[in-house]
Amino acid sequence: MSTTATLGYDVFVNEPPPQDGFLPNGDPKRFSPMASTLIYGGEDAVLTDPGMTEDQADALGDWVAARDRNLTDIFVTHGHGDHWFAAGLLAERFGARVVATAGTIAQMHGSVATRPLLWDKVYTGIPPASVTAVTVPDNRFTLEGHDLVMVEVGHTDSDDTSVLHVPDLGLVVAGDSIYNGVHMYLGQSAVGGFGPWRAAIDKVEALRPRHIVCGHQDKELDDDAGRTIAQTRQYLDDADELLRTETTAVGFFNAKIERYPAYLGRLVLWVSASSLYGVRDHPEGNPAQIILNSWL
Ligand SMILES: [Zn+2]
């Protein structure tokens, strides 16, 4: 927890939902922990990335309720369902508005379309989710007079992603542009490489945050901006190197685990490896279908 005179923030890390199946090394398939941030003033508060399943919404909602603030807005960083399928439940429980950039809202509609092909095949307990998010003028809104700024950073783990900058806290809520102790989802970089993601990291760094909350983070770790930015860059550099030296997805998977033994979310590592090598080894194939199949 961190506070200024009038604003503070706190982070809740939800456990991954249950899942069947095993990874190539015998580990059970398990999604990544998912972090939501509550930015609060004396009376009001804003919540970010409210998670995916009904169980997660219950756990997060009880945590929010215990903070005893009036929840005005729920901000969604990007369109991936794990960050917002539960938004409607939280919005209804607290009477809050859901906000996002226009680009993210378009991506959310895309996730609704792919939901029966992907999310519902892998996870149970995802509530009915329609896109209720709205944009705000100039991508800015306020919390008790303090600016909250949605900053578009482009392609990271998906297209049209954004972060929330809270200048008065030196805070960036980074969604999946920056990771913290968790394997990064590289699948959607299988076409186009990591250049756009590196540019997005530069945009986050240019905001000069002291603290970064990542959409997927190990709750045992701190939120130091310099460290998380450096480690996110390093992870991409390592991925590029391993794509040159490893000939198979399993080789990439094993080599990453060797370099990052404490990182959580090995399911996402496996999906990333399957997508990167699947697209590379099948230039005649449909990349979107190859990436989708990597989840199943
Ligand atoms: Zn995510």
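Above: the structure in question.
Please read all numbers here as calculations on a predicted model, not as lab measurements.

Participant: What is the right way to read the packing of helix H8 (residues 266-281) against helix H9 (residues 287-295) from this model?
Facilitator: Each pair of packed helices gets described by two things: the angle between the helix axes and the distance between those axes. At a minimum axis distance of 8 Å, the contact between H8 and H9 shows a crossing angle of 150°. The orientation of H8 with respect to H9, classified from their angle, is roughly antiparallel. In this structure, the crossing between H8 and H9 has a hand that is right-handed. Taken together, the residues of H9 that come into contact with H8 (itself represented by Leu 267, Val 268, Val 271, Ser 274, Ser 275, Gly 278 and Val 279) are Pro 287, Ile 290, Ile 291, Ser 294 and Trp 295.

Participant: Would you mind going over the coordination of the zinc ion with me for this structure?
Facilitator: Geometry reference: four tetrahedral donors at a metal, ideal angle 109.5 degrees. Six octahedral donors, ideal angles 90 or 180 degrees. Surrounding the zinc ion are the protein donor atoms Asp 82 (OD), His 83 (NE2), Asp 176 (OD) and His 216 (NE2), at 2.1 to 2.5 Å. Taken together, the four donor atoms coordinating the zinc ion span angles of 87 to 168° at the metal, a pattern that classifies the geometry as irregular. For the zinc ion, the donor residues sit on a single chain with the sequence spacing D-H-x92-D-x39-H. Taken as a pair, His 83 in the loop between strand E5 (70-75) and helix H2 (87-94) and Asp 176 in the loop between strand E10 (171-173) and helix H5 (195-206) lie far apart in primary sequence, 93 residues in all.

Participant: I tried to follow the nonpolar core on my own but got confused; where do I start?
Facilitator: Grouped together as the largest cluster of nonpolar side chains are 82 residues, with contacts concentrated most on Leu 186, Ile 212 and Phe 252. With nine residues, H8 is the largest single contributor of residues to this core. The residues touching Leu 186, leaving out its near neighbours within four places in the chain, are Phe 194, Trp 197, Tyr 235, Leu 236, Ala 239, Phe 252, Ser 272 and Leu 276.

Participant: What is the right way to look at H9 in this model?
Facilitator: Buried within H9 we find Ile 290, Ile 291, Leu 292, Ser 294 and Trp 295. On its buried face, H9 is in contact with helix H4 (119-122) and H8. Sitting at the head of H9, Asn 286 places a side-chain oxygen 3.0 Å from the backbone nitrogen of Ala 288.

Participant: Explain the environment of Ala 230 to me, please; I cannot follow it from the model alone.
Facilitator: Note that Ala 230 resides in helix H6 (residues 225-245). Along the backbone, Ala 230 and Leu 171 are 59 residues apart, and their C-alpha atoms lie at a distance of 16 Å.

Participant: Would you explain the sheet that holds strand E8 (residues 146-154) in this entry?
Facilitator: Hydrogen bonds between backbone atoms are what pair the strands of a sheet, whose relative direction is either parallel or antiparallel. On the basis of which strands lie adjacent, the open sheet formed by five strands has the order E7-E8-E9-E10-E11 and mixed pairing. Only two strands of the sheet have a single partner each, and these edge strands are strand E7 (140-143) and strand E11 (211-213). Strand-to-strand twist in this sheet, taken as the mean axis angle between neighbours without regard to direction, amounts to 25°. Here E8 pairs with strand E9 (residues 161-166) via five bridges, running antiparallel. Its bridge partner being in E9, Met 150 is matched across the sheet by Leu 164. The strands touched by H5 are E8, E9, E10 and E11; relative to E8, the strand with the most contacts, the crossing angle is about 160°.

Participant: What's the story with the packing of aromatic side chains in this structure? I'm lost.
Facilitator: The geometry of an aromatic ring pair comes down to the distance between the two centres and the angle between the two planes. What the rule picks out here adds up to 13 aromatic pairs. With 5.5 Å between their ring centres and 35° between their planes, Phe 12 and Trp 63 make a pair best called tilted. Here the residue Phe 12 occupies a position in strand E2 (residues 8-14), and Trp 63 occupies one in helix H1 (residues 54-66), the gap between them amounting to 51 residues. Both residues of the pair, Phe 12 and Trp 63, count as buried. The structure contains a cluster of three or more aromatic residues connected by ring pairs, namely Phe 31, Trp 84, Phe 85, Trp 119, Tyr 123, Tyr 185 and Trp 295. Lying over the aromatic face of Phe 85, Arg 115 brings its terminal NZ or CZ to 5.4 Å of the ring centre.

Parameters at a glance
Residues numbered from 1 in each chain as written. Predicted model: local features only at pLDDT ≥ 70, side-chain atom pairs only at ≥ 80, totals over all residues. Heavy atoms only, no water. Axes fitted to C-alpha atoms, helices over the stretch in contact; angles between N-to-C directions. Helix = DSSP H or I, 4+ residues; strand = E, 2+ residues; numbered from the N terminus. Parallel < 35°, antiparallel > 145°, perpendicular 65-115°, else oblique. Left-handed = near helix turned anticlockwise from the far one by under 90°. Contact = heavy atoms within 4.5 Å. Donors = N, O, S within 2.8 Å, 3.2 Å for Na, K, Ca; no water. Tetrahedral: all angles 85-135°; square planar, octahedral: opposite > 155°, others 65-115°. Core = buried A, V, L, I, M, F, W, Y, C linked by side-chain atoms within 4.5 Å. Buried < 20%, exposed > 50% of the residue type's maximum accessible area, 1.4 Å probe, protein only. Polar contact = N/O pair within 3.5 Å; in protein donor to acceptor, adjacent residues only side chain to side chain. Pairing = 2+ DSSP bridges. Phe/Tyr/Trp six-rings, centres within 6.5 Å; stacked < 30°, edge-to-face > 60°. Lys NZ or Arg CZ within 6 Å of the ring centre and 35° of its normal.

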